[in-house]
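Coordinates in review
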Amino acid sequence: MKKYFLLTYGCQMNKSDSERISAVLEKIGYKRSSKIDEADLVVVNACSVRQSAIDRISGLRPKIKNKAKTILTGCILSADKKKFGKLFDYILDIKDLPKWPKILSNQPYKDSPRKNYQRIGGAGQRVASCEYFKIQPNYQAWPVAYVPISSGCNNFCAYCCVPYTRGPEVSRRASEIVKEVKELIKDGYKEIWLLGQNVNSYQSYADGPCVVDFPLLLKMADALEGNFWVRFTSPHPKDFSDKLITALKECSKVTPYLNLPVQAGDNEVLKKMNRPYTIEHYKDLVSKIRRAIPGITLSTDIIVGFPGETKKQFLNSAKLFREIKFDMAYIAQFSLRPGTAAANLRDDVPKAEKKRRENVLTEILKKTASVSNKMFIGKTIKVLPLVYKNGTLIGKSQHYKTVKFQGKKDLIGQFVDIKIVKATNFGLLGLYE
Ligand code: SF4
């Protein structure tokens, strides 16, 4: 039996895509292998967002056995496609996944597969279809499941490759999404993530006369019977409507946790990033959300060292961190991606300064997260255990806090009540009673 090795870099959407890639390959007879050097087919599902992912891809080639076929897919900018053209046999668009078996069978193993380059899709390609979402995924993260509800993005944030690599936003039929969620619940999945690059601009016109927007979709998922949580990522602050806040308040299965990417704490920088909101708008939005859902935990995504970001502008990001008091933040040092609008700007913040700014935000985050975590001490909270190691279970709470406690492996996938006894900067320790 032929073996495949699948490597995924990037966000949850890429991970979700890999579950569909895996299903397609297994259907045509490949067996998954955890060793790259024994695979007959190596698939790299990567993301051009970070330079580091691109650098890692370059290092893979020597590990791949000589006659193995290689596929590169994911959110790859055209400049990176050119760079990797010689390293991979195929550079395939994920939206063409239903065609992969045909492509692979048309290119049998032979002398020099690397001569048979075949490229489908590419930067700027516009495919108004979500056909590949119809592929039944090979879910890999039980009891957690990722359900894509849309793909692509129309926002063109200056630093981001997604609008170029995935094309414009296309929403999946609501009925198809609800059907998938229903099946997952039936199969015992407990944490369902609704995914979209701009999840809250979801709009499906394909369900009869009724237009389903994101708040309505959340309500449809929430109304399904069963014991499960709904989470979603990533919403855009500009599309966060009052209707959505009301839906979050009313949906008991949607967890009180929100990742709300701010990207910069300074209005001038936001403008250069092509993020059409102000910090005042962001802060008002957070206040409204916190008023509607008291105790909701909040994380953000932020970039430090965007081209031209002065020390004074960065201090506004630090100020925002102190004011909002995030529970978690995904802090990225700006890296220039050829083909994005920001590539025309001078990457003028030195690496060491970017690192310093990252450290400043991390230190503030540690303090605010620690204060928030201490609020849970003495409380009994619901936790979904996900991983077991040497007698310790690690899981996530409704508020998306990482919780560790002693227990048996068979608790994985069951909601358990945990009494919190200790808080660290980024986690909680508890007792299973
Ligand atoms: S909203 Fe901006 S950062 Fe998010 S996927 Fe779209 S372009 Fe990229």
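Here is what the cut-offs are and how they apply
Residues numbered from 1 in each chain as written. Predicted model: local features only at pLDDT ≥ 70, side-chain atom pairs only at ≥ 80, totals over all residues. Heavy atoms only, no water. Helix = DSSP H or I, 4+ residues; strand = E, 2+ residues; numbered from the N terminus. Rg over C-alpha atoms; globule rule 2.2 N^0.38 Å. Buried < 20%, exposed > 50% of the residue type's maximum accessible area, 1.4 Å probe, protein only. Contact = heavy atoms within 4.5 Å. Areas by Shrake-Rupley, 256 points an atom, 1.4 Å probe, with all protein chains shown as cover. Pairing = 2+ DSSP bridges. Axes fitted to C-alpha atoms, helices over the stretch in contact; angles between N-to-C directions. Patch = residues over 30% accessible without salt bridge, like charges linked within 9 Å, V, L, I, M, F, W, Y side chains within 5 Å. Salt bridge = Lys/Arg side-chain N within 4 Å of Asp/Glu carboxyl O. Near = heavy atom within 4 Å. Nonpolar A, V, L, I, M, F, W, Y, C, P; charged D, E, K, R; others polar. Polar contact = N/O pair within 3.5 Å; in protein donor to acceptor, adjacent residues only side chain to side chain.

Our focus in this paragraph is the overall build of the protein chain. Across its full length, the protein chain holds twelve helices and 21 strands. Relative to a compact globule of 433 residues, whose C-alpha radius of gyration would be 22 Å, the protein chain shows 22 Å and is just as compact. By principal-axis analysis of the C-alpha atoms, the protein chain measures approximately 65 × 55 × 50 Å. Each of the 433 residues in the protein chain was classed as buried or not, and the buried ones make up 57%. By sequence separation, contacts in the protein chain at least 24 residues apart represent 74% of the contacts at least 6 residues apart. Put simply, the protein chain shows about 19,100 Å² of open surface, and 53% of that area lies on carbon and sulfur atoms.

To continue, consider the sheet that holds strand E21 (residues 428-432). With mixed pairing, the five strands of this closed barrel are ordered in space as E17-E18-E19-E21-E20. This sheet shows a mean twist of 50 degrees between the axes of neighbouring strands, independent of strand direction. Relative to strand E20 (residues 416-423), strand E17 (residues 380-389) is paired through four bridges, and the arrangement is antiparallel. Residue pairing across strands places Lys382 opposite Asp417, the latter belonging to E20.

What follows covers a nonpolar patch on the surface. On the surface, a cluster of nonpolar side chains totalling about 230 Å² of accessible area is made up of Val421, Leu429 and Leu431. Tracing the backbone through its elements, the reader meets Leu429 in strand E21.

Turning next to the side chain of Ser204. Tracing the sequence through the fold places Ser204 in strand E11 (residues 203-204). Setting aside chain neighbours within four positions, we find Ser204 in contact with Ser171, Arg172, Arg173, Ala174, Cys210, Val211 and Val212.

We now examine the site of the ligand. Residues in close proximity to the ligand include Cys153, Asn155, Phe156, Cys157, Tyr159, Cys160, Val162, Pro163, Gln197, His236 and Arg275, which together make up its full environment. Partitioning the shell around the ligand into residue classes produces seven nonpolar, three polar and one charged.

By the element assignment, Glu358 lies in helix H12 (residues 351-374). Residues contacting Glu358, with those up to four places away along its chain left out, are Val304, Ile331 and Gln333.

So, about the environment of Tyr257. Checked against the element boundaries, Tyr257 lands in strand E14 (residues 257-259). In this structure Tyr257 touches Trp193, Arg231, Ile296, Thr297, Ser299, Tyr330, Gln398, His399 and Tyr400, once residues within four positions along its chain are discounted. Within the structure, Tyr257 has its side chain in polar contact with the side chain of Ser299 (distance 2.7 Å).

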